[in-house]
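# Structural characterization, general
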Amino acid sequence: MTINEYTNLIRLGFTESEIANMNYSEFKNNRALIGKIIASSTKYYKVIESTYLNSTIEITEEEYNKTNLSMPLKSDGYIETTYKKVTTTIISLSNYYRYKINVEWKNMPSKRSYDIIAIGKDSNVSIIGSITFQQNYCYSNGNCYTNSSFIPKTDNYGGAAFFQLPSSSSVSSLSSYMYYTISKNTSNTIYTLNAYGDYAHATSTTYQSYVNNFSVNSLGIILDSSIISKYDEIPIAQATSSVNW
């Protein structure tokens, strides 16, 4: 990888970790692209799951960084507190734009099944090409792996990747990202772009067939009543940019 290629990837919104773990096919597709980040929104979430009540709290970056990750006390039932960092980015690409979302776990969730990572969009733009997704994780022994297996889902208001988390209890770090390219589908000038990043974590066993039980729009991931109890919900991380397109 040359310095220019590395710089191009950074300008496309990839983190150092994502670049280090990128497969060659994705690297080849991105290394010569000239892009610019025009909007980015990062949110930090504390999610408490228990036998009696589930709740999500948006916290500050300072609180996220200072959090003590010692195991919570367990009394009359199950309780788990996890922390996630979600970043949604809009990248300018010549005559097109790219919407990207990155999710990093501060501590590993004990329950792992099929999760959903998604970006909603406004109706005046369309997804062109395919969705790109990758999951990166490391074990406590220092071995790290990537997994780009997922089920894509696109509709008029967004796109998502439906994927399975690694099941091993030895996983010590976990992150994932997805992105897609948009084009305008109107003859009118577009002055504002909105990317609505969202993530839904399965809090109980889920299955591949559940890909048919949710949709994506400007509110994020919309879970059907048949599966809503099986996932946590966080507020969207919305990136907005003024454009003249």
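Let us look at the structure shown here. Note that the structure is a prediction, hence the values are computed from the model and not measured.

### Describing the overall build of the chain
Check the secondary structure of the chain and you find four helices and 14 strands. Expected size for 245 residues packed as a compact globule is a radius of gyration near 18 Å; at 18 Å, the chain falls within 12% of this value. Across its three principal directions, the C-alpha atoms of the chain cover 60 × 40 × 35 Å. Out of the 245 residues in the chain, the part that is buried amounts to 47%. The contacts in the chain between residues at least 6 apart in sequence include a share of 74% that link residues at least 24 apart. Looking at the chain as shown, the accessible area adds up to about 12,000 Å², and 46% of this sits on carbon and sulfur atoms. Taking the 19 positively charged and 19 negatively charged side chains of the chain as two groups, their mean positions are separated by 5 Å.

### Re helix 1 (residues 3-11)
Turning to helix 1, its buried residues number three or more, namely Glu5, Asn8 and Leu9. Down the axis of helix 1, the buried set is contained in an arc of 95°. They therefore lie on one face. Opposite the buried face of helix 1, at more than 90 degrees from it, the exposed residues are Ile3 and Asn4. Residues of helix 1 that are buried in the fold lie against helix 2 (16-21) and helix 3 (24-30).

### Some remarks on the sheet that holds strand 1 (residues 36-50)
Judged by pairing direction, the sheet is antiparallel, and its seven strands sit side by side in the order 2-1-3-4-10-6-7 without closing on themselves. Both edges of this open sheet fall to strand 2 (54-59) and strand 7 (144-147), since each of them pairs with a single strand only. Neighbour-to-neighbour, the strand axes of the sheet open up by a mean angle of 20°, direction not taken into account. When strand 4 (residues 96-105) meets strand 10 (residues 171-184), the two strands line up antiparallel, connected through nine bridges. Following the sheet pairing, Ile101 is matched in strand 10 by Met178.

### Comments concerning the state of the cysteines
Cysteine pairs can be linked by a disulfide, which is a covalent bond between their two sulfur atoms. If you walk through the whole model with that rule in mind, you get one disulfide. Here Cys138 is linked by a disulfide to Cys144, with a sulfur-sulfur distance of 2.0 Å. Across the S-S bond of Cys138 and Cys144 the torsion is about 105°, and the bridge reads as right-handed. With relative accessibility at 39%, the residue Cys144 sits in the partly exposed group.

### A short note on the environment of Tyr177
Looking at where Tyr177 falls in the secondary structure, it is placed in strand 10. Residue class for Tyr177 comes out buried when judged on its relative accessible area of 0%. Separated by 159 residues in the primary sequence, Tyr177 and Glu18 have C-alpha atoms spaced 8.5 Å apart. With residues up to four places along the chain from it excluded, the contact list for Tyr177 reads Phe14, Glu18, Met22, Glu26, Lys100, Ile101, Asn102, Ile117, Thr132, Phe133, Gln134 and Asn136. In terms of polar contacts, Tyr177 uses its side chain to reach the side chain of Glu26, at 2.9 Å.

### Regarding the packing of aromatic side chains
Here the structure, examined in full by the defined rule, presents 17 aromatic pairs. Ring centres of Phe14 and Tyr179 lie 5.7 Å apart, and the angle between their planes is 80°; this geometry places the pair in the edge-to-face category. Of this pair, Phe14 sits in the loop between helix 1 and helix 2 while Tyr179 sits in strand 10, placing them 165 residues apart in sequence. Residue classification places Phe14 among the buried residues on the basis of a relative accessible area of 3%. Both rings, one in Tyr137 and one in Tyr139, keep their centres 5.9 Å apart while their planes meet at 85°; by these two values the pair is edge-to-face. One aromatic cluster in this structure is built from Trp105, Phe133, Phe150, Phe163 and Tyr199. The residue whose ring lies beneath Lys106 is Tyr64, and the NZ or CZ to ring-centre distance is 4.9 Å. Seen from the ring of Phe214, Lys153 lies directly overhead, with NZ or CZ sitting 4.5 Å from the centre.

Cut-offs and rules
Residues numbered from 1 in each chain as written. Predicted model: local features only at pLDDT ≥ 70, side-chain atom pairs only at ≥ 80, totals over all residues. Heavy atoms only, no water. Helix = DSSP H or I, 4+ residues; strand = E, 2+ residues; numbered from the N terminus. Rg over C-alpha atoms; globule rule 2.2 N^0.38 Å. Buried < 20%, exposed > 50% of the residue type's maximum accessible area, 1.4 Å probe, protein only. Contact = heavy atoms within 4.5 Å. Areas by Shrake-Rupley, 256 points an atom, 1.4 Å probe, with all protein chains shown as cover. Lys, Arg positive; Asp, Glu negative; His and termini not counted. Charge placed at Lys NZ, Arg CZ, Asp CG, Glu CD. Arc of directions from axis to C-beta. Pairing = 2+ DSSP bridges. Axes fitted to C-alpha atoms, helices over the stretch in contact; angles between N-to-C directions. Disulfide = S-S within 2.5 Å. Polar contact = N/O pair within 3.5 Å; in protein donor to acceptor, adjacent residues only side chain to side chain. Phe/Tyr/Trp six-rings, centres within 6.5 Å; stacked < 30°, edge-to-face > 60°. Lys NZ or Arg CZ within 6 Å of the ring centre and 35° of its normal.

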